[in-house]
Amino acid sequence: MEDRTGEFNRKLTVMDGESRVLELSLDDLHKERIFWGRDPGHNDIVISSPAVSRLHGKFKIASQGILFADVGSTNGTYLENAAGKHLIHKNSGYVLLRDGDMLRVQPPDERQGNSVLLLYTESMQEGKWQKYALPASRIAIGRGSENDIVLQHMGISRKHAVIELKVDAYFVSDCQSANGVLVNDNILNGTCRLRDKDVIRILNSILIFTNSGIYYKSSQQGVSLRVRNMNKVVGKGKQILHDVNVDIDSNEFVAIVGGSGAGKSTLMNAISGFDRKRQGTVLFSGLNLDENFSVLKSLIGYVPQQDIIYENLTLNRMLVYTAKLKMPKDTSKVEIEKRIHDVLEMVELSEHQNTYIRKLSGGQKKRASIAVELLADPSLFFLDEPTSGLDPGTEKKLMGTLSRLAKSQGKTIVMVTHTTQSLDLCDKVIFMGQGGRVCFCGTCQEAKMFFDTDNLVDIYNEMAAQPEEWAAQYAGCVPLEPIGFGEGKEAPKKRKFSGIRQFFILTMRYAEIMKNDLPRLALLFLQPILIALLLGIVADDRVFEIYESTKSILFALSCAGIWIGLFNSIQEICKERAVLKREYMGNMKLWSYTLSKFVVQMVVGVLQAAIIVAVFGAVIGLPEKGILMKNSFPEMFVTIWLTITSSMALGFIISAFVKSGDKAMACAPFVLIIQLLFSGILFELKGAGKKIAYATISKWSVESLGSIADLNSLTMKMQEELPGIEHEFQEIFEFAKKHLLSNWTILAAMVAICYVITALMLRNVAKDGR
Ligand SMILES: Nc1ncnc2c1ncn2[C@@H]1O[C@H](COP(=O)(O)OP(=O)(O)OP(=O)(O)O)[C@@H](O)[C@H]1O
């Protein structure tokens, strides 16, 4: 359907038997068939090596790409790529070459040397081959200028890999880099011996090792996607993707359009690899996306419909934190600043870098979300309805930005949109009909011809009326290449990220977000003051003398602690579900995220507990002495802090469970009522009620406060009237060190249990689709 000849530079890099390099553009030869072999008289490309036959192979320039066939050589030709190494001989027929495929000719005995490599690449922007001459004892490779081979990409670690001469052979090692090393398209685990013409790939760079030197170059290009036989069935057999087959080439800007509910977002999630509960295959520049997702996902950017930014950070600070989370840990401050500067320029937000995100307009927030994703320099970029809610002018500007990014930054961009006005800026449009059917895939111009209309809006109506017919008609007229070679590759190891480092960055970020939200901060710290003052109004003047007065006011103080803790956390996770989901899709560890929330809130709790106990002490007073110390303040403080912290932990569970702040707040009264009813203070509990009480915070909190106040020693009101009556000893208020410490331990254990439950529940938040 489309002819891509001329758009791309389809290059062949040939290394002959003597490791001489020849680079040529296959399209520039202007031939339909290109022959290669040893004989200068009969070949277009002459390759000198005894391993190569006089007439060895041929390339055919076809509409679907470059095809290769062996023309009956003696040694055959190996096609090597992510799927492994396959011997191609005369009877194999033509094979379609993919970007990065390697053709090798090897002598029967490898020790003879003279092997030949033909590396096929498709690229719009590619650097020149450079050579690092050998011999050398050690060659350091990385982003830092101190390396022998310097490779420029933000995903490349400062010290990424090293090649060392050991006795008589060279070995390559991965220096625990963030994004790994591929040797002949296999993930390098540790160290491996290098042989002549081995191909090393590090993100966007290719290095060819030869006995005389290392040839290397970097390209700035996006990735290609081949989607085959993609189906998705949900619920009781509802099919929401119907046998989708599409090809997206490097550096294309592609829109997925269609009516509401047609399956646009479903398709995008499925082909981005973030939803793998579907059938079919996606090849990511020849690599099976599902099998290699843990490695490839660092090359994928994803901007969901909701903004993935924090309102209470400035744009610059948001980008700094994201850079620290996403970029290799050895990235310097200067490099981060430079990258942020570049990314802000790309999305035209430089002048707003010190503006709080909450103050940005809708279109600017969208571009800020794109900037967040651009930081890690992804090659493939997915955006879900980036233009929704924007005015036509802003929408056009954003489309222009994306189109430019695809071309100038070498990215492949796929977006879902409802817009029709700027679709001409896209290289390709995928038209989706109801049921997740692809009704057409091609340029806007081709679409108009296919649907026989000049108006793109009419296409929507056509597809809505007859989705199955259009899908069948389209399927009948696109020849699709089978993609068997991408399957069955062993899954590489997952990239390693330090959870502890993430924890520190996330804690700093959360603390800064809290600090920047002054109205909320004021509320958090005014609340304990006001509550303590209100308690002062209702308390009678014989607290800590009369049993009933003391027990009531301590129960109220405990409830206040529970409310404060719950209020601190109950909306904190649900309000940032979109960002959390996106960061988890990256490499964020949920235990680090949860711990950062807990730690910051525990610190807030320290201040709140100190305030409420201090004000309570000032207006009502505190027990005369403590159980552990002479002064009761520290024990009252610890009890209230543990009360606030355990309720905060309970609030986080609710926040991880519900989907919005409103729903979370609606749950709060229910939680409070349980605490009131089962505290054992308002009602005498029996049977099930007694058992439920063990799980409440109020029981342990109020018992601790009662013990510190030594309730058993206070006079009951009844005793004043009838002095003969004895005050029955209650074990729950025992003025004993062991009793107090065990109550505190239970409250602390509750915090730990809630932490584990929250982190486990977040797995569902992060995974849920809708
Ligand atoms: N997990 C699911 N369970 C049930 N139905 C689902 C699920 N996911 C998607 N669907 C259904 O699949 C269809 C396609 O949904 P999708 O969100 O992909 O549509 P869309 O084209 O992006 O729509 P819109 O433009 O309105 O966002 C809809 O009918 C939707 O209700």
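Definitions and cut-offs
- Residues numbered from 1 in each chain as written.
- Predicted model: local features only at pLDDT ≥ 70, side-chain atom pairs only at ≥ 80, totals over all residues.
- Helix = DSSP H or I, 4+ residues; strand = E, 2+ residues; numbered from the N terminus.
- Buried ≥ 20, exposed ≤ 12 C-beta atoms within 10 Å, placed from the backbone.
- Contact = placed C-beta atoms within 7 Å.
- Pairing = 2+ DSSP bridges.
- Core = buried A, V, L, I, M, F, W, Y, C linked by C-beta atoms within 7 Å.
- Expected span 1.5 Å × (residues − 1).
- pLDDT = per-residue confidence, 0-100.
- Axes fitted to C-alpha atoms, helices over the stretch in contact; angles between N-to-C directions.
- Near = placed C-beta within 6 Å.
- Nonpolar A, V, L, I, M, F, W, Y, C, P; charged D, E, K, R; others polar.

Q: So what's going on with the overall build of the chain? Residues and values would help.
A: Counting secondary structure elements, the chain contains 20 helices and 32 strands. Each principal axis of the C-alpha distribution contributes one length, and for the chain these read about 125 × 70 × 50 Å. Out of the 770 residues belonging to the chain, those deemed buried represent 47%. Within the chain, contacts between residues separated by at least 24 positions form 67% of all contacts whose residues are at least 6 apart in sequence.

Q: Can you explain the pairing of strand β20 (residues 198–202)? Please cite residues and give values.
A: Inspection of the sheet shows strand β17 (residues 182–183) paired to β20 by two bridges, in the antiparallel sense. Residue pairing in the sheet places Leu182 in a bridge with Arg201 of β20. The turn joining β20 and strand β21 (residues 205–209), which pair antiparallel and follow one another in sequence, is formed by two residues; a positive phi near 45 degrees is taken by Leu203.

Q: So what's going on with the nonpolar core? Residues and values would help.
A: Counting residues in hydrophobic clusters, the biggest one holds 152 residues, and the most contacted among them are Leu319, Ala371 and Phe431. For this core, the leading source of residues is helix α15 (residues 633–657), giving 12 residues. The residues touching Phe431, leaving out its near neighbours within four places in the chain, are Val257, Gly258, Cys439, Phe440, Ala447, Ile459 and Met463. Met15, Trp36, Val181 and Ile214 belong to the second-largest nonpolar core, a separate cluster that totals 46 residues.

Q: Please provide a residue-by-residue account of helix α5 (residues 362–374), values included.
A: The first and last C-alpha atoms of α5 sit 18 Å apart over 13 residues, in line with the 18 Å expected at 1.5 Å per residue. Burial runs high along α5: 10 of the 13 residues are buried. All of the buried residues along α5 are Lys365, Lys366, Arg367, Ala368, Ser369, Ile370, Ala371, Val372, Glu373 and Leu374. Looking at the packing, one finds that the buried side of α5 touches β28 (300–303), α3 (315–326), α4 (333–346), β29 (380–384) and α6 (392–408).

Q: Pulling in residues and values, what's your account of the confidence of the model for the chain?
A: Of the residues in the chain, 93% have a pLDDT of 70 or more, and the chain-wide mean is 87. pLDDT under 50 marks residues 1–7. Its contacts with residues more than four places away, or in other chains, come to nine contacts. Low pLDDT, under 50, characterises residues 482–494; the predicted model gives this stretch 29 contacts beyond four residues in sequence or across chains. Predicted as a complex, the structure gets a pTM of 0.71 and an ipTM equal to 0.97.

Q: Account for the sheet that holds strand β32 (residues 437–442), with residues named and values stated.
A: With mixed pairing, six strands are arranged side by side in an open sheet as β28-β29-β30-β25-β31-β32. The two strands at the open ends of the sheet, each matched to only one other strand, are β28 and β32. Averaged over neighbouring strand pairs, the angle between their axes works out to 15 degrees when direction is ignored. Strands in contact with helix α7 (residues 444–451) are β31 (428–433) and β32; relative to β32, the strand with the most contacts, it is inclined by about 125 degrees.

Q: Mind laying out the site of the ligand, listing which residues take part and the relevant values?
A: Around the ligand sit 13 residues in total, of which Ile240, Ser260, Lys264, Ser265 and Thr266 are the nearest. Mapped onto the shell around the ligand, the elements with two or more residues apiece are β24 (238–248) and α1 (264–272). At three residues, α1 tops the list of elements feeding residues into the shell around the ligand. Per-class residue counts for the shell around the ligand are three nonpolar, eight polar and two charged.

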